[in-house]
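The chain contents come next:
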Amino acid sequence: LEAILSMTCDKLDLSFCAVLSDDILIQLIEKNGKNLICLNIRGCQSITDKSISVLVKKCPYLEELYLSDCSKLTTFSAGTNLFGSIEWIELLYLK
């Protein structure tokens, strides 16, 4: 986990990361949000709307977001809230 938290990057692929929690993802967003253009958290079963709320506020340049198989996200997070806040996103994968 320390290696993940020490990363600075513009693209993060954390798909199917079993240890990824809201707290860890929020720390990554806080550190990388202004630079982040692509985030893949497919299959991260512990991620909730809490992370998405931070994401939409802290990632102004996000272009690609992969959220499929994130079973704890609600339709509010994956739909209304997200689309209303990240209008510039080019690719949103929810399937």
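Let us look at the structure shown here. (Residues numbered from 1 in each chain as written. Predicted model: local features only at pLDDT ≥ 70, side-chain atom pairs only at ≥ 80, totals over all residues. Heavy atoms only, no water.)

## Describing the overall build of the protein
To be explicit about the condition: The numbering of helices and of strands both runs from the N terminus, where a helix is a DSSP run of H or I of at least 4 residues and a strand a run of E of at least 2. Throughout this description, buried means an accessible area under 20% of the type-specific maximum (1.4 Å probe, protein chains only), exposed means over 50%, and partly exposed covers the range between. Between two residues, a contact is recorded if the distance between any of their heavy atoms is within 4.5 Å. Method for areas: the Shrake-Rupley scheme with a 1.4 Å probe, in which residue coverage is limited to the protein chains shown.
If you tally the helices and strands in the protein, you get four helices and four strands. Overall, the protein shows an N-to-C arrangement of helices and strands of α-β-α-β-α-β-α-β. Taking all 95 residues of the protein together, the buried fraction comes to 45%. Contacts spanning at least 24 positions in sequence make up 79% of the contacts within the protein whose residues lie at least 6 apart. When the accessible surface of the protein is totalled, it reaches about 5,200 Å², and 53% of it is carbon and sulfur.

## Let's talk about the pattern of salt bridges
Heads up, the rule is: Put simply, a salt bridge is a Lys or Arg side-chain nitrogen that is within 4 Å of an Asp or Glu carboxyl oxygen.
Under the defined criterion, the tally for this structure stands at two salt bridges. Ionic pairing is found between Lys 50 and Asp 23, a salt bridge with its closest N-O pair at 3.5 Å. Placement of the pair is Lys 50 in helix α3 (residues 49-58) and Asp 23 in helix α2 (residues 22-32), with a sequence separation of 27 residues. Judged by relative accessible area, which is 46%, Lys 50 ranks as partly exposed. We classify Asp 23 as partly exposed; its relative accessible area is 48%.

## Section: the packing of α2 against α3
Spelled out, the test is: Each axis is a line fitted through C-alpha atoms, taken for helices only over the stretch in contact, and angles between the N-to-C directions span 0 to 180 degrees. Oblique is the label for every angle not falling under 35 degrees (roughly parallel), over 145 degrees (roughly antiparallel), or within 65 to 115 degrees (roughly perpendicular). Polarity classes work like this: nonpolar for Ala, Val, Leu, Ile, Met, Phe, Trp, Tyr, Cys and Pro, charged for Asp, Glu, Lys and Arg, and polar for all others, with Gly in that last group.
Two elements in contact, α2 and α3, have axes whose closest approach is 9 Å; the angle formed by their N-to-C orientations is 5°. Comparing their axes, α3 and α2 come out roughly parallel. Between α2 and α3, the residues in contact are Asp 22, Asp 23, Leu 25, Ile 26, Ile 29 and Glu 30 and Lys 50, Ser 51, Val 54, Leu 55 and Lys 58, respectively. Across the contact of α2 with α3, the residue classes tally to five nonpolar, one polar and five charged.

## Focus: the nonpolar core
Stated formally: For the purposes of this section, nonpolar cores are sets of buried Ala, Val, Leu, Ile, Met, Phe, Trp, Tyr and Cys residues that join through side-chain atoms within 4.5 Å.
Core analysis: the largest hydrophobic core is formed by 25 residues, its most contacted members being Leu 20, Leu 25, Leu 39, Ile 41 and Leu 55. Secondary structure elements with two or more residues in this core: α2 and α3. Dropping the residues within four chain positions of it, Leu 25 is found in contact with Leu 14, Leu 20, Leu 39, Ile 41, Ile 47 and Ser 51.

## So, unusual backbone geometry
Phi at Phe 16 takes a positive value of approximately 55°, unusual for a residue other than glycine. Counting through the fold element by element, Phe 16 comes out in the loop between β1 (11-13) and α2. The class for Phe 16 is exposed, based on a relative accessible area of 54%. Within the chain, Asp 69 stands out as a residue other than glycine whose phi angle is a positive 65°.

## Structural notes on the environment of Cys 59
Mapping Cys 59 onto the fold places it in the loop between α3 and β3 (64-66). Look at Cys 59 and you get buried, because its relative accessible area is 0%. Sequence-wise, Cys 59 and Cys 38 are 21 residues apart; in three dimensions their C-alpha atoms are separated by 9.7 Å.

Shape descriptors only; they carry no functional weight alone.
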